[in-house]
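This is what each chain is made of:
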Amino acid sequence: MANRPILETKKITKRFPGVLANKDVDMVLNEGEILAILGENGAGKTTLLNIIYGLYSQDEGEVFVYGEKTSINSPHDAINQGIGMVHQHFMLVPVFNVTENIILGSEISTAGVLNLKKARHRVAALSDSYGLEVNPEAIVEDLPVGVQQRVEILKALYREARILILDEPTAVLTPQEIEDLFRVMRELKSKGVSIIFISHKLKEVLEIADRIMVMRRGEVVGETRPNETSKAELANMMVGREVLLKVDKGPAHPTDAVFEIKDLVIHEDDHRNAVERVSLEVRGGEILGVAGVQGNGQTELAEAITGLRSITSGEIYIDGRKMPAANPRALTENGMAHIPEDRQKHGLVLPYPLTDNLILCSYYKRPFVKGLTRNDDAIEEYAKRLIESFDIRTPSPFIPASNLSGGNQQKLIVARELSRDVKVLIANQPTRGLDVGSIEYIHRTLVEMRDNGVGILLISAELDEIMSLSDRIAVMYEGEIVATLAAKDATREELGLLMAGSKKETVPAA
Amino acid sequence: MNFITYLRTKKLLLPLSLGLLGLVIVIVSYLNNPQSTQAVLGSTIRQSTPIILGALCGIMCERAGIVNIGIEGQMLLSAFIGFMVNVWTGNLFISVLAGMATGALLGLLLAFVSVTLKLDQIIGGTVINILALGLTGYFYTAGLTTSGKIQPITLGSLAQIPLIGPVLFRNPPITYTAIILVFVLQFVLFKTTWGLRTRAVGEHPRAADTLGINVFSTRYINTILGGAIAGLAGAFLTLEAVGSFERAMTNGRGFVALAVMIFGKWSPIGAWGASLLFGFANAMQTQFQFMGTFNIPHQFIGMLPYLLTIIVLAGFGGRARPPAAEGSPYEKE
């Protein structure tokens, strides 16, 4: 579709203190196309879009809408120009219903009194015509994330947006919800809406985009089309060097079991068991992957075995020693490391500096204590050493962890967890939301740990990750381990079937 | 059965059954002792008036995201200014307006402190309370006299209905205004554009901002108008209820108003129900003391309404959820 340009930026430059976020960015969005902007975290994608949406103002450069030079100083201006944006963190009022959220700020009213009935009809009509199924009267906080995203899209369409900006829309979605979003995006495209889609996931970009623009360190480094390129080429453009998309690992040399779970049951409030008699064994020097569609008990399992959730029955052993239930410190002291699913909520104390985050598991031990007080010199020295050896990009060890990018936050957790005497590592979604470079780093580290004899339990919703890293794969469905297979024998199709619960059998462990 | 399920889903079961129980008690006691019943109910309405006005002020502020614990101070200073203006001018209408203006001015102060200066709102409210206590204590002189207080207005034949007439339709104007305001605010908050925007600002100011709603002015206007309502509560105390000013005469009503607001789940009608409950406890307490029902020191009976507030809050307060953004200043990106 070679239509006329609907949105253009010319030589956009934006500086933040110490950073050049955008440098001479030229971007063209044609009418009725999906343009993907690809780049690592911190490449300046979001900055560019915030400028277009009027949240930031550029230092230099111009924005053109329908070929006309426009100055957009606030989201209000952007909305008036027909630009709608779905932010990465949704801008919805949780206690309002869908209709109220959609009409807020552009209400249908007579003399200040809301006409909610008419508004509901408008919303229902919109959701019908674009195939965005949603109940106009549902309270937003009760809705799944994927549906909340639909509400955000409807909000933009209600304001008659012809240009839709989606900022990392897939980061928060499950694979099924992503499929659904892509269906909606194609539908919107067919109705003439032009879409800018931001992502750092190569597969998605190749699947949905008409054109791909790649950014690195604030600059546009290339432009291409999905049928003219490959994952490897895109990754290289994005990172600026050769990236190993395949994990490079030799055969495993497993030793004895370092970690065992026996008959673990976790009861949930609503009369069902989140985890149903799960038994697993992780040997030293191997990676056991737990595959499964999200919400099949993986979160509960991970929380229980790391001591964050109390269990109904069952036992946990490290090196043959039975562990007390729900006691994270006992687990830590016996050699367990944990990379939690939600790194910001459970992995770090965001307002704390890097130094304090790095000693969260060992602050009470020498050399970090001196009598009753902290030994700040030792803590600083230790932090500097870890920042160096784990390549955490930070201007100082004393800035709050919240200032780091996602990839560097994850490195910070990895640095803390793996710089101890570790026998078993529980890694739950270790690369979620990370860019290619960071994923490569985390994967390499996990394989290195394995080769050093650590037993690793890897829980991930990304089937590719499970398949490329694991030595054995356990599939979880509705709280149960429905199968355990050797990774070299497992196929995508078979795993997919097992994850969907259509095939219940127990293949003997390899 | 279906009806009960419907009420439960609409969360009306508790208030409706409480109301029904109250109605039965009122009818039975009226048949036994018409005079006392009428006195207690009339007093319930009077006692609840400053409480509900204070609570409406709280609702307006908190729905927009501003915690106002300075209602007590707003009421006290307004009561004082209203009284003094009455002493000087002898015009009750101007005095009431002066009281409301005082409350609005203190609301402006709170908005300035919490929206513009982005200081802690609890400290802002506390400052207002201490300021009002100090100013009124310092400037108060005993023995001032006025030309009287606001008189009840009888609403024609409605006032002839037994029990209901004297209780509801023979009240002074601020009492009527309070009841009307309950319904007006309920409508404004939940049925109008302004109400929708106000609630959005109190729940998720950034979302409101990205849709072109001015968070700052919404918060200013609500806090100032709320202050004027608290001022009306103060004017009620000196100009309609008592007719004179005493030191610290608000006697914690501003804080009870906050409790009532929470018990009423930040909705005007809910808060009205709660303030009637408080007013009733207060009326009963007076009646018990008057009749000498219980042979215990009167201080203990005087505790009744406050005790009820604590019990009600402990029992039901936990389930209510305040506006999500209240108490935190909004900063643009």
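Notes on the structure follow. Computed from a prediction, not measured in an experiment: that's the story for all the values here.

Some details on the pairing of strand 18 (residues 336–339) of chain A
Residue and element names in this part refer to chain A.
Okay, step 1: The side-chain alternation of strand 18 yields two buried faces, one formed by Met336 and His338 and the other by Ala337 and Ile339.
Okay, step 2: Relative to strand 21 (residues 424–428), strand 18 is paired through four bridges, and the arrangement is parallel. The residue bridging Ala337 from the neighbouring strand is Leu425, located in strand 21.

Re the environment of Ser402 of chain A
All names here are of chain A.
Okay, step 1: Its place among the elements puts Ser402 in the loop between helix 13 (376–389) and helix 14 (406–418).
Okay, step 2: Using a count of 12 C-beta atoms within 10 Å as the deciding quantity, one classes Ser402 as exposed.
Okay, step 3: Placed 48 residues apart in sequence, Ser402 and Leu354 show a C-alpha to C-alpha distance of 9.3 Å.

Some remarks on the interface of chain A and chain B
Okay, step 1: With 17 residues of chain A at the interface, the matching set in chain B holds 16 residues.
Okay, step 2: Element by element, the count of residues in the side of chain A that touches chain B is highest for helix 2 (residues 75–80) of chain A, at three residues.

A closer look at the packing of helix 8 (residues 173–191) of chain B against helix 9 (residues 193–203) of chain B
Residues and elements named next belong to chain B.
Okay, step 1: Interaxial distance between helix 8 and helix 9 falls to 5 Å at its minimum, and their mutual angle equals 70°. Between helix 8 and helix 9, the angle falls in the class roughly perpendicular. Taking contact as the criterion, the partners of Val188, Leu189, Phe190 and Lys191 in helix 8 are, on helix 9, Trp194, Gly195, Thr198 and Arg199.
Okay, step 2: Taken together, the residues of the contact of helix 8 with helix 9 break down into four nonpolar, two polar and two charged.

Looking at the packing of helix 4 (residues 116–129) of chain A against helix 5 (residues 145–158) of chain A
Residue and element names in this part refer to chain A.
Okay, step 1: One way to put it is that helix 4 packs onto helix 5 with a least axis distance of 10 Å and a crossing angle of 105°. In terms of axis orientation, helix 4 runs roughly perpendicular to helix 5. Of the residues in helix 5, those in contact with Val123, Leu126 and Ser127 of helix 4 are Leu154, Leu157 and Tyr158.
Okay, step 2: Class assignment of the residues belonging to the contact of helix 4 with helix 5 gives a composition of five nonpolar, one polar and no charged.

Digging into the environment of Ser43 of chain B
Residues and elements named next belong to chain B.
Okay, step 1: Along the chain, Ser43 turns up in helix 3 (residues 34–63).
Okay, step 2: Judged by the 19 C-beta atoms lying within 10 Å of it, Ser43 falls in the partly exposed class.
Okay, step 3: The spatial distance from the C-alpha of Ser43 to the C-alpha of Pro268 is 21 Å, given a sequence separation of 225 residues.
Okay, step 4: For Ser43, the residues in contact, after removing those within four places along its chain, are Ala283 and Thr286.

A few points about the sheet that holds strand 2 (residues 19–30) of chain A
As a general point, the strands of a sheet are linked pairwise by backbone hydrogen bonds and lie either parallel or antiparallel.
Residue and element names in this part refer to chain A.
Okay, step 1: With respect to topology, four strands assemble into an open sheet ordered 2-1-4-5, the strand pairing being antiparallel. The open sheet has two edge strands, strand 2 and strand 5 (68–70), and neither has a second partner. Strand-to-strand twist across the sheet, computed as the mean angle between neighbouring axes with direction ignored, equals 25°.

What to know about the sheet that holds strand 21 of chain A
All names here are of chain A.
Okay, step 1: Strand order in the open sheet formed by six strands is 18-21-22-15-23-24, with mixed pairing between adjacent strands. A single partner strand is all that each edge strand has here, and the edge strands are strand 18 and strand 24 (480–486). The mean angle between the axes of side-by-side strands here comes to 15°, regardless of whether they run parallel or antiparallel.
Okay, step 2: Bridge analysis of strand 15 (residues 287–291) against strand 23 (residues 472–477) gives four bridges, and the strand direction is parallel. Looking across to strand 23, one finds that Val290 is bridged to Ala474.

Rules of the game
Residues numbered from 1 in each chain as written. Chains lettered and ligands numbered in written order. Predicted model: local features only at pLDDT ≥ 70, side-chain atom pairs only at ≥ 80, totals over all residues. Buried ≥ 20, exposed ≤ 12 C-beta atoms within 10 Å, placed from the backbone. Helix = DSSP H or I, 4+ residues; strand = E, 2+ residues; numbered from the N terminus. Pairing = 2+ DSSP bridges. Contact = placed C-beta atoms within 7 Å. Axes fitted to C-alpha atoms, helices over the stretch in contact; angles between N-to-C directions. Parallel < 35°, antiparallel > 145°, perpendicular 65-115°, else oblique. Nonpolar A, V, L, I, M, F, W, Y, C, P; charged D, E, K, R; others polar.

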